[in-house]
Structures are given as structure tokens and as C-alpha cells.
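So you can see what is in the structure, the chains are spelled out below.
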Amino acid sequence: MRALIVVDVQNDFCPGGALAVPDGDAVVEAVNRMASDAPFVVATRDWHPPGHGSFAEQGGPWPAHCVQGTPGAELHPGIDATQIDAIVDKGQAAETEGYSGFEGTELERLLREHGVDAVDIAGLALDYCVKATALDAKRAGLDVTVHRDATRAVEVSPGDAERAVEELRAAGVEVVD
Ligand SMILES: [Zn+2]
């Protein structure tokens with residue numbers, strides 16, 4: 001049983017958002033196409049309380065983003081919500097970064113309940129939450145494939161996307177174009 005994990009395709013990570021990933025909304029079409037073929041689709045949302053530890057105001061690395069209940073935290077309106085079977089909210093604990101969809105969430109239990117043994121991963125951003133989610137999926141014993149055409153990177157430092165791909169491949173994650 002395969003599942004698609006759509007990581008954090010939220011307004012704040014798309015152009016115009018608080019922490020926009022360059023070209024982030026370009027993943028929407030690919031995500032919808034993949035979701036229409038997938039038997040089970042889980043979307044994660046970065047879902048931070050106000051004053052989350054990852055925010056610059058708290059000394060963290062990022063501007064405030066994806067605050068629970070705000071428009072910026074909603075899934076991009078182009079995502080076909082009718083194809084999403086479950087939404088998993090992450091990053092709710094104030095002290096943890098919450099990059100991975102598996103960190104402090106019910107995602108692993110949800111996948112096991114549905115007999116999932118392989119996951120396709122798409123979404124934002126390749127060098128942070130997609131990478132962390134893929135590595136945790138691999139650690140959970142799943143077959144993991146990351147789809148590059150359905151993800152975009154932040155690239156705080158040039159080359160971060162390629163380094164993320166190398167790290168994923170070294171961990172046994174398949175990365176396809
Ligand atoms: Zn975040």
C-alpha cells in the first residue's frame with residue numbers, strides 16, 4: 001500500500017507568504033496530479049502556536065509563519081482538498097522545530113493503520129520539512145520516494161537543495177525527477 005505525503009503546501013510557504021519558498025506554488029499542479037493517483041493522501045501542515053521557538057522574535061531562525069488558525073497556515077487554495085484523506089498538524093510544541101511530519105504527531109500510527117509500507121513525498125520545502133519527513137519515514141521502515149518535480153527548496157545557502165538530495169540518497173531514500 002502506497003501513500004502520498006504532501007508536506008506543508010501552505011500559503012505562508014508560497015510567494016506572498018511570510019516565509020515564501022521561491023516558486024513554492026509551482027508544486028501545486030504536480031501534487032494534485034499525484035494525489036489523483038494515490039490510494040491514500042496525507043497533507044501535513046506547519047501549525048505553530050504564536051511565539052513558537054522557531055520564530056525570530058524568540059531567537060529562532062525564521063520569521064513568524066504558519067500560526068495556527070491564520071490564513072497563512074491554510075493549505076494553498078490550489079490544492080484539491082477533495083483528494084486529501086487526512087491532515088496532520090505538526091510543529092505545535094513551542095520548543096521543537098517540528099520540521100518532520102512524524103515529530104510529535106499521529107502520522108506514523110495513521111500510516112500503519114492504513115497498511116502503508118511505501119510513501120511518495122512532495123511539498124515544501126525540500127531542504128527542511130520534506131527532507132526531515134523523508135528521513136523519518138525511512139527510519140520508520142517505509143520505502144520512501146521524494147519527487148523533485150513536486151518540491152521546491154528554500155536554499156538559504158546556495159546548494160542546499162543538492163546537499164539535501166545527497167543526504168536523502170545516502171539514507172536510502174529514492175529521489176526521482
Ligand atoms: Zn515552521
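Structural data are supplied above this passage.
These numbers were taken from a predicted model, which means no experiment stands behind them. (Residues numbered from 1 in each chain as written. Predicted model: local features only at pLDDT ≥ 70, side-chain atom pairs only at ≥ 80, totals over all residues. Heavy atoms only, no water.)

Colleague: I'd like a rundown of the overall build of the protein, residues and numbers included.
Modeller: When you go through the protein residue by residue, the secondary structure sums to four helices and six strands. Its C-alpha atoms give the protein a radius of gyration of 15 Å, within 12% of the compact-globule value 16 Å for 177 residues. Along the longest, intermediate and shortest principal axes, the C-alpha atoms of the protein span 40 × 35 × 30 Å. A buried classification covers 54% of the 177 residues belonging to the protein. Intrachain contacts of the protein at a sequence separation of at least 6 include 73% that bridge at least 24 residues. In the structure as shown, the protein presents an accessible area of about 7,600 Å², 49% of it carried by carbon and sulfur atoms. Charge-centre separation for the protein: the mean point of 13 positive side chains lies 5 Å from the mean point of 31 negative side chains. (Helix = DSSP H or I, 4+ residues; strand = E, 2+ residues; numbered from the N terminus. Rg over C-alpha atoms; globule rule 2.2 N^0.38 Å. Buried < 20%, exposed > 50% of the residue type's maximum accessible area, 1.4 Å probe, protein only. Contact = heavy atoms within 4.5 Å. Areas by Shrake-Rupley, 256 points an atom, 1.4 Å probe, with all protein chains shown as cover. Lys, Arg positive; Asp, Glu negative; His and termini not counted. Charge placed at Lys NZ, Arg CZ, Asp CG, Glu CD.)

Colleague: Quick one: what's the story with the sheet that holds strand β6 (residues 174–176), residue by residue and with numbers?
Modeller: Across the sheet, six strands lie side by side as β3-β2-β1-β4-β5-β6; this open sheet has parallel pairing. Either end of the sheet is taken by a strand with one partner, and the two such strands are β3 (86–90) and β6. In this sheet, neighbouring strand axes are inclined to one another by 25° on average, regardless of whether the strands run parallel or antiparallel. Relative to β3, strand β2 (residues 41–46) runs parallel, the two being bridged by five bridges. The residue bridging Arg 45 from the neighbouring strand is Asp 89, located in β3. (Pairing = 2+ DSSP bridges. Axes fitted to C-alpha atoms, helices over the stretch in contact; angles between N-to-C directions.)

Colleague: Could you give me a rundown of the coordination of the zinc ion, with the residues and numbers involved?
Modeller: The expected angle between donors at a tetrahedral four-coordinate metal is 109.5 degrees. At an octahedral six-coordinate metal it is 90 or 180 degrees. Donor atoms from the polypeptide that coordinate the zinc ion comprise Asp 46 (OD), His 48 (NE2) and His 65 (NE2), at 1.9 to 2.1 Å from the metal. Of note, the donors binding the zinc ion are all from one chain and are spaced D-x1-H-x16-H. Note that Asp 46 is positioned in strand β2 and His 65 in the loop between β2 and β3, a separation of 19 residues in sequence. Residues Asp 46 and His 65 agree in their burial class; the two are buried. (Donors = N, O, S within 2.8 Å, 3.2 Å for Na, K, Ca; no water.)

Colleague: Tell me about the pattern of salt bridges, and name the residues and values.
Modeller: This model, assessed by the stated rule, comprises 13 salt bridges. A salt bridge links Arg 33 to Asp 149; the nearest nitrogen and oxygen atoms lie 3.6 Å apart. On the criterion of sequence distance, the pair formed by Arg 33 in helix α1 (residues 27–37) and Asp 149 in strand β5 (residues 143–152) is long-range, its members being 116 residues apart. Of the residues examined, Arg 33 reaches a relative accessible area of 46% and is grouped as partly exposed. Classification of Asp 149 by relative accessible area gives partly exposed; the value is 34%. For Arg 163, the salt bridge is made with Asp 160, and the minimal N-O distance between the two is 2.9 Å. Linking Arg 163 with Asp 160, this pair stays in helix α4 (residues 160–170), spanning three residues, or about one helical turn. (Salt bridge = Lys/Arg side-chain N within 4 Å of Asp/Glu carboxyl O.)

Colleague: Please set out the side chain of His 48 residue by residue, giving values where relevant.
Modeller: Tracing the sequence through the fold places His 48 in the loop between β2 and β3. Relative accessible area serves as the criterion here: at 1%, His 48 is assigned to the buried category. A distance of 3.2 Å separates polar atoms of two side chains, one belonging to His 48 and the other to His 65. When residues no more than four places from it in sequence are discounted, the contact partners of His 48 are Ser 54, Phe 55, His 65, Cys 66, Val 67, Gln 68, Gly 91 and Glu 97. (Polar contact = N/O pair within 3.5 Å; in protein donor to acceptor, adjacent residues only side chain to side chain.)

Colleague: Mind laying out the pairing of strand β4 (residues 118–124), listing which residues take part and the relevant values?
Modeller: Where burial is concerned, most of β4 is hidden: seven out of the seven residues are buried. Here β4 shows two buried faces, one formed by Ala 118, Asp 120, Ala 122 and Leu 124 and the other by Val 119, Ile 121 and Gly 123. In the sheet, β4 pairs with β5 via six bridges, with the strands oriented parallel. Residue pairing in the sheet places Ile 121 in a bridge with Val 146 of β5. For the handedness criterion, the β-α-β arrangement of β4, helix α3 (residues 126–139) and β5 is classed as right-handed. (Right-handed = clockwise from strand over helix to strand, strands pointing away.)

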